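Fold and geometry: a report
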Amino acid sequence: MKKNILLIAALLGAMAWTSCQKMEDDFINGVPDVADDQEKVTYNVTISAVKNDGPKTKGLAIEGEEASTTVLQSIWKSGEEVKVYLGTDCIGTLTATPDGTDAHRATLSGTVTTSGITPGTTTLTLLTPREAWDYTGQVGKLLISDDAVNSIEKKYHYTVASNVLVTAVAGSSITTEEGHFTNKQSIYRLSFRYDNGSTKTAITTKSVTISAANGHLVQSQNVDGSTVVEGPISVTLATASADPFFAALRNTDETNAEALTFTVIDAYGVTYRGSKTIQAENKANGTFVSVKNASLDERLQLAQSSTEVDTAL
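Predicted model only: the values in this text are computed from it and were never measured.

1. Re the packing of aromatic side chains
- Inspection of the entire model under this criterion finds 5 aromatic pairs.
- Ring centres of Tyr135 and Tyr158 lie 5.4 Å apart, and the angle between their planes is 80°; this geometry places the pair in the edge-to-face category. Taken as a pair, Tyr135 in the loop between strand S8 (123-128) and helix H1 (152-156) and Tyr158 in the loop between H1 and strand S9 (159-170) lie far apart in primary sequence, 23 residues in all. With respect to class, Tyr135 is no different from Tyr158; both count as buried.

Written out as structure tokens, the structure reads:
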């Protein structure tokens, strides 16, 4: 079931530019690396950031209960961080201050240290929530309030504002155009049942591995997309549960219907398997897809042996 994604901004406290990781490949906007022999200057930066309902959103929050919500809301959260890139260099970190009357808008502020800024020509790329773009290691939790370390909101909800033009440099201050953030993955809500042909029984899921028939689920990638590692995504819950949980899935094929195959291991180590087709119109990155009570019709059967074994190797 497709539901509109309305995802919130999450951009946390300022970090020094020296902590930012040097990226090896150019961003899509084609800005070259900053020359090392130029004198670098520290600038104050203030950027207006806007998020609209739909794909131009950042961060995560729900309307109602996680198990039943049909809406992920889009607002900014105070004090969240965003990395600033010039070409392939991370040059600083900004923090968000939401607008007091409209949390869809925020002011991003902080400092960057770089050289080669040319008003009207230089563009910046803004990235959140972290520098390593990687979907592996998910634990099924949606919000930071659910898991402050490994939730989707904290680690796997990637957004980018590209080609943010520097419009003016006055002394030590930089002014830019507004930054519009777009979501780079969809959020799936999942739970499973075993269908033996006559009854359907809830599966107490411990882990699930999700694979795509078209083969384009992203495990990791460079920020500019020049290197993409594709393959199945696994989600391992801390405690096995029949309740719905969440997965962040980025699919580089956004135009074709997709058969997702779920390989589920339950609390007792029993393996189940089944597929569900996601229609093309429900598949684009930046959507909220509810796959509750998906029926799996395969259950791993172990052949019984009549041979008694009394020696352990």
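2. Focus on unusual backbone geometry
- With omega at 10°, the peptide bond leading from Thr128 into Pro129 counts as cis.
- A positive phi is found at Asn163, a non-glycine position, where the angle reads about 55°.
- Within the fold, Asn163 resides in strand S9.
- Among the residues examined, Asn163 registers a relative accessible area of 41% and is labelled partly exposed.
- Despite not being glycine, Asn293 shows a phi value in the positive range, around 60°.
- With respect to the helices and strands, Asn293 occurs in strand S22 (residues 288-296).

3. Focus: the nonpolar core
- Ranked by size, the top nonpolar core spans 42 residues in total, and within it Leu190, Phe192, Ile210 and Phe262 carry the most contacts.
- At the level of secondary structure, the elements contributing two or more residues to this core comprise H1, strand S13 (186-195), strand S15 (205-212), strand S18 (233-241), strand S19 (245-249), strand S20 (258-266), strand S21 (271-278) and S22.
- Not counting the four nearest positions on each side in its chain, Phe192 is found in contact with Ala202, Ile203, Thr205, Val208, Phe245, Phe262, Val264, Asn293, Ala294 and Leu296.
- Counting residues in each nonpolar core, the second largest holds 22 residues, with Tyr43, Val45, Val112 and Ala161 among its members.

4. Structural notes on the environment of Phe262
- Here Phe262 shows up in strand S20.
- Taking the relative accessible area as the measure of exposure, Phe262 reaches 2% and is therefore buried.
- A C-alpha to C-alpha distance of 5.8 Å links Phe262 and Thr209, two positions 53 residues apart in sequence.
- Residue contacts for Phe262: discarding those within four places in its chain leaves Leu190, Phe192, Val208, Thr209, Ile210, Tyr272, Arg273, Gly274, Lys276 and Leu296.

5. A few points about the sheet that holds S18
- Here 5 strands make up an open sheet; going across it, the order is S18-S15-S20-S21-S23 and the pairing antiparallel. Single-partner strands in this sheet number two, and they are S18 and strand S23 (298-299).
- In terms of strand pairing, S15 meets S18 through 5 bridges, oriented antiparallel. Following the sheet pairing, Thr205 is matched in S18 by Ser241.

6. Side note on the pairing of strand S5 (residues 81-86)
- Counting buried positions along S5 gives 6 out of 6 residues, so the element sits mostly inside the fold.
- Along S5, one buried face is formed by Glu81, Lys83 and Tyr85 and the opposite face, lined by Val82, Val84 and Leu86, is buried too.
- By the bridge criterion, 6 bridges tie S5 to strand S6 (residues 89-98) in an arrangement that is antiparallel. Looking at the pairing, Glu81 lines up with Thr95 of S6.
- Counting the residues between successive antiparallel strands, the hairpin from S5 to S6 contains 2 residues, one of them, Gly87, with a positive phi of roughly 60°.
- Note that S5 and S8 share 3 bridges and pair antiparallel. Directly across from Val84, in S8, lies its bridge partner Leu126.

7. Describing the side chain of Thr122
- Summarising the element assignment, Thr122 is placed in the loop between strand S7 (105-114) and S8.
- When near neighbours in sequence (up to four residues on either side) are disregarded, Thr122 contacts Leu86, Gly116, Ile117, Val164, Leu165 and Val166.

8. Structural notes on the pattern of salt bridges
- In this structure the tally under the stated criterion is 6 salt bridges.
- Note that Glu131 is salt-bridged to Lys83, the shortest N-O span being 3.9 Å. Residue Glu131 is located in the loop between S8 and H1, and its partner Lys83 is located in strand S5; the two are separated by 48 residues in the primary sequence.
- Taking relative accessible area as the criterion, Glu131 reaches 13% and is therefore assigned buried.
- Its salt-bridge partner being Asp253, residue Lys283 comes within 3.5 Å of it at the nearest N-O pair. Taken together, the residues span a long stretch of sequence, with Lys283 in the loop between S21 and S22 and Asp253 in the loop between S19 and S20 at a distance of 30 residues. Considered together, Lys283 and Asp253 belong to a single accessibility category, that of buried residues.

9. Here's the deal with the confidence of the model for the protein chain
- Considering every residue of the protein chain, the mean pLDDT works out to 82; 76% of them sit at 70 or more.
- Confidence drops under pLDDT 50 across residues 1-35; counting only partners more than four residues distant or on other chains, this segment forms 140 contacts.
- Counting interchain partners and residues more than four positions distant, the pLDDT-below-50 stretch residues 53-59 has 40 contacts.

Rules used throughout
Residues numbered from 1 in each chain as written. Predicted model: local features only at pLDDT ≥ 70, side-chain atom pairs only at ≥ 80, totals over all residues. Heavy atoms only, no water. Phe/Tyr/Trp six-rings, centres within 6.5 Å; stacked < 30°, edge-to-face > 60°. Helix = DSSP H or I, 4+ residues; strand = E, 2+ residues; numbered from the N terminus. Buried < 20%, exposed > 50% of the residue type's maximum accessible area, 1.4 Å probe, protein only. Core = buried A, V, L, I, M, F, W, Y, C linked by side-chain atoms within 4.5 Å. Contact = heavy atoms within 4.5 Å. Pairing = 2+ DSSP bridges. Salt bridge = Lys/Arg side-chain N within 4 Å of Asp/Glu carboxyl O. pLDDT = per-residue confidence, 0-100.

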